[in-house]
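Architecture at a glance
Okay, here's what each chain looks like letter by letter:
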Amino acid sequence: MGLKDLDRKFAIAPMMEWTDRHCRFFHRLLTRRALIYTEMITTGAVLHGPRTRLLAHDPAEHPVALQLGGCESRQLAECARIAEAFGYDEVNLNIGCPSDRVREGRFGACLMAEPALVGDCVAAMTAAIKLPVTVKCRIGIDDQDPEEALEALTCAVERAGAAALIVHARKAWLDGLSPRENRNIPPLDYARVYRLKAAHPDLCIVLNGGIASLDQALAHLDCVDGVMMGRTAYQEPWQLLAVDPLLFGEPARFASRKAAAEALSPYIERELARGTRLHAVTRHVLGLFRGVPGARAFRRHLATEATKPAADAATFRAAIALIADLDAPTVAAA
Ligand SMILES: Cc1cc2nc3c(=O)[nH]c(=O)nc-3n(C[C@H](O)[C@H](O)[C@H](O)COP(=O)(O)O)c2cc1C
């Protein structure tokens, strides 16, 4: 696969404090084909922080995109070069985060009001690296008209050479809502994103926001090039087992959730040997058995036992043993 032609049909969203390297390794066990994103990392952190720790990822994670937060084109270009050297497959710019801290730094969602600046940033990044550069945005902020604001941003990033635009299909209201509320309260407007795709046939448009199942994902794929799933992928990771068969016509990685969980054990052992606490890995796995008898006991065991200093891979295996009907397949292995 060439660098510019990553398959963007299905992606797992960047989620701060959720999609860390352990989470990404686990998600990759569930689907070979999803494009996976890191949490947002600011240009300041990449340039001046503990870079190796922040950017480290497992070779198994590919294809994996690094999401950057920033607004200064030279710094973003330098961070893009660093991302390329670290082996990422794509660099993504965050134009969707509404938090006060991010806004004070003049990046994230408030950049929806500065399409020319975003264009400059994307142009600097695409000039600096061979990897695809993409942007993740909202349909608008505050009292912006999404018809105009999203169109202006799209034209700017398309002209600057972005390989794809990922649109969280709701506004961000920067005054008065917390980041969490900004993920739920502004209404979703999928039709606006469909119209954007129709108006920009040559730009890869990925739709994000509120996708709760792969059936919904498939329906959106009639109108856009790709879908990005966030909270559902994290809270119900078992759904990821169906991504490869349903969306790509390829065999599922595992025929059952149990098999997927067991496959995580060697990784856990490796990480524990490096000094990682068990809970740092297993906190991402809590939703794997959701809806299956024994799921609550599994979660409770991990919540109480995995946090103890002596917790090890056997603790994880003991949690798996609490699940009834372990071999029940969730998806047909194609
Ligand atoms: C805990 C959490 C952290 C998030 N952090 C980021 C982030 O770092 N960068 C980003 O672009 N979006 C972030 N988001 C937003 C998601 O990427 C996504 O746009 C949003 O959750 C809507 O998609 P969903 O309805 O499928 O979850 C975050 C969402 C959550 C729930």
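As a starting point, this report considers the structure included with it. Worth saying up front: this structure is predicted, and the values here are computed from it rather than measured. Along each chain, the written sequence defines residue order, and numbers are assigned to residues from 1. Side-chain atom pairs in this predicted model are given and counted only at pLDDT of 80 or more, local residue features only at pLDDT of at least 70, and totals for whole chains, interfaces and linings cover all residues. Processing note: side-chain calculations cover all non-hydrogen atoms of the structure and skip hydrogens and water entirely.

Secondary structure counts use DSSP, requiring at least four H or I residues in a row for a helix and at least two E residues in a row for a strand, with both numbered from the N terminus. Regarding its fold elements, the chain presents 16 helices and eight strands. For a compact globule of 334 residues, the expected C-alpha radius of gyration is about 20 Å, and the chain comes in at 20 Å, within 12% of that figure. Projecting the C-alpha coordinates of the chain onto the three principal axes gives extents of approximately 55 × 45 × 45 Å. Counting all 334 residues of the chain, 55% fall into the buried class. Long-range pairs, those at least 24 residues apart, make up 73% of the contacts in the chain between residues at least 6 apart in sequence. Of the roughly 13,800 Å² of accessible surface on the chain, a fraction of 52% belongs to carbon and sulfur atoms. Counting 40 positive and 40 negative side-chain charges, the chain places the centres of these two groups 5 Å from one another. Only C-alpha atoms enter the radius of gyration; for comparison, a globular chain is expected to reach 2.2 Å times N to the power 0.38, where N is the number of residues. Buried, partly exposed and exposed residues are distinguished by accessible area as a fraction of the type maximum, computed with a 1.4 Å probe on protein chains only: under 20%, between the cut-offs, and over 50%, respectively. The contact definition used throughout considers only heavy atoms, calling two residues in contact when any of these lie within 4.5 Å. Note on areas: these come from Shrake-Rupley sampling with a 1.4 Å probe, and a residue is covered only by the protein chains present in the view. The charge count includes Lys and Arg as positive and Asp and Glu as negative, but it does not include His or the ends of the chains. To locate a charge, take atom NZ for lysine, CZ for arginine, CG for aspartate or CD for glutamate.

A few words on the pairing of strand E6 (residues 164-168). Within E6, five of the five residues are buried, leaving the element largely enclosed by the surrounding structure. Side chains Ala164, Ile166 and His168 of E6 all project onto a buried face; the interleaved residues Leu165 and Val167 project onto the opposite face, where all are buried too. Judged from the five bridges that link them, strand E5 (residues 133-138) and E6 form a sheet pairing that is parallel. When the sheet's bridge partners are listed, Cys137 is paired in E6 with Val167. Orient the strands so they point away from the viewer, and a crossover whose first-strand-to-second-strand path over the helix runs clockwise is right-handed. Taken together, E5, helix H7 (residues 146-159) and E6 constitute a β-α-β crossover, and its handedness is right-handed. Of the strand pairs in this sheet, E6 and strand E7 (residues 204-208) are connected by five bridges, and their pairing is parallel. If you follow Val167 over to E7, its bridge partner there is Leu207. The parallel pair E6 and E7, bridged by helix H8 (residues 190-199), forms a crossover whose chirality is right-handed. Two strands make a pair as long as DSSP finds a minimum of two bridges between them.

A separate point is the packing of helix H6 (residues 115-128) against H7. Between H6 and H7, whose axes approach to 8 Å, the crossing angle comes to 25 degrees. Regarding the angle of H6 to H7, the classification is roughly parallel. H7 is crossed by H6, and the crossing has right-handed handedness. Here Pro115, Val118, Gly119 and Val122 of H6 lie close against H7, whose contacting residues are Ala152, Leu153, Ala156 and Val157. Orientation is described by lines fitted to C-alpha atoms, with helices fitted over the stretch in contact, and by angles between N-to-C directions that extend from 0 to 180 degrees. Under this scheme an angle from 65 to 115 degrees is roughly perpendicular, one under 35 degrees roughly parallel, and one over 145 degrees roughly antiparallel; angles in between are oblique. Here a crossing is called left-handed whenever its near helix is offset anticlockwise from the far helix by less than a right angle, and right-handed whenever the offset is clockwise.

On to the nonpolar core, then. Only buried residues count toward a nonpolar core. Its members are Ala, Val, Leu, Ile, Met, Phe, Trp, Tyr and Cys residues joined through side-chain atoms within 4.5 Å. By size, the foremost hydrophobic cluster in this structure holds 97 residues, and its most contacted members are Phe10, Ile95, Val122, Leu165, Leu264, Phe298 and Phe316. Discounting chain neighbours no more than four positions away, the residues touching Ile95 are Gly108, Ala109, Leu111, Met112, Val118, Val135, Lys136, Cys137, Arg138 and Leu153. Core analysis: the second largest hydrophobic core is formed by 14 residues, Leu6, Ala65, Cys204 and Val206 among them.

Read around the closed barrel, the eight strands follow the order E1-E2-E3-E4-E5-E6-E7-E8; overall the barrel is parallel. When strand polarity is set aside, the average angle formed by the axes of neighbouring strands in this sheet is 25 degrees. Contacting strand E3 (64-69), strand E4 (90-95) and E5, H6 crosses the sheet at an angle of about 170 degrees to E4. Strands in contact with H8 are E6 and E7; relative to E7, the strand with the most contacts, it is inclined by about 175 degrees.

So, about the side chain of Arg257. Considering the arrangement of structural elements, one finds Arg257 in helix H12 (residues 257-263). We note that Arg257 is buried and unpaired, the nearest opposite charge coming from Glu236 at a distance of 8.2 Å. For the purposes of these results, a polar contact is taken to be a pair of N or O atoms within 3.5 Å, where, inside protein, one atom must be able to donate a hydrogen and its partner to accept one; residues adjacent in sequence count only when each atom of the pair is a side-chain atom. One polar contact links the side chain of Arg257 to the main-chain carbonyl oxygen of Leu288, over a distance of 3.1 Å. Throughout this description, the term salt bridge denotes a Lys or Arg side-chain nitrogen within 4 Å of a carboxyl oxygen of Asp or Glu.

So, on to the packing of aromatic side chains. Put simply, two rings from Phe, Tyr or Trp (the six-membered ring, in Trp's case) pair if the centres are within 6.5 Å, and we call them stacked under 30 degrees between planes, edge-to-face over 60, tilted for the rest. Scanning all chains against the criterion turns up four aromatic pairs. A ring pair is formed by Phe25 and Tyr267, whose centres lie 3.9 Å apart and whose planes are at 15 degrees; its orientation type is stacked. Of the two residues, Phe25 sits in helix H1 (residues 21-30) while Tyr267 sits in helix H13 (residues 265-273), which places them 242 residues apart along the sequence. According to the relative accessible area criterion, Tyr267 is buried, its value standing at 2%. Among the aromatic residues, those joined into a cluster by ring pairs are Phe289, Phe298 and Phe316.

Turning next to a positive patch on the surface. Together, Arg290, Arg296, Arg299 and Arg300 give the surface a local cluster of positive charge. Turning to its location among the elements, Arg300 is positioned in helix H15 (residues 295-305). Patch definition: residues with relative accessible area over 30% and no salt bridge; like charges joined within 9 Å; nonpolar side chains (Val, Leu, Ile, Met, Phe, Trp, Tyr) joined within 5 Å.

No statement about biological role is implied by the geometric values presented.
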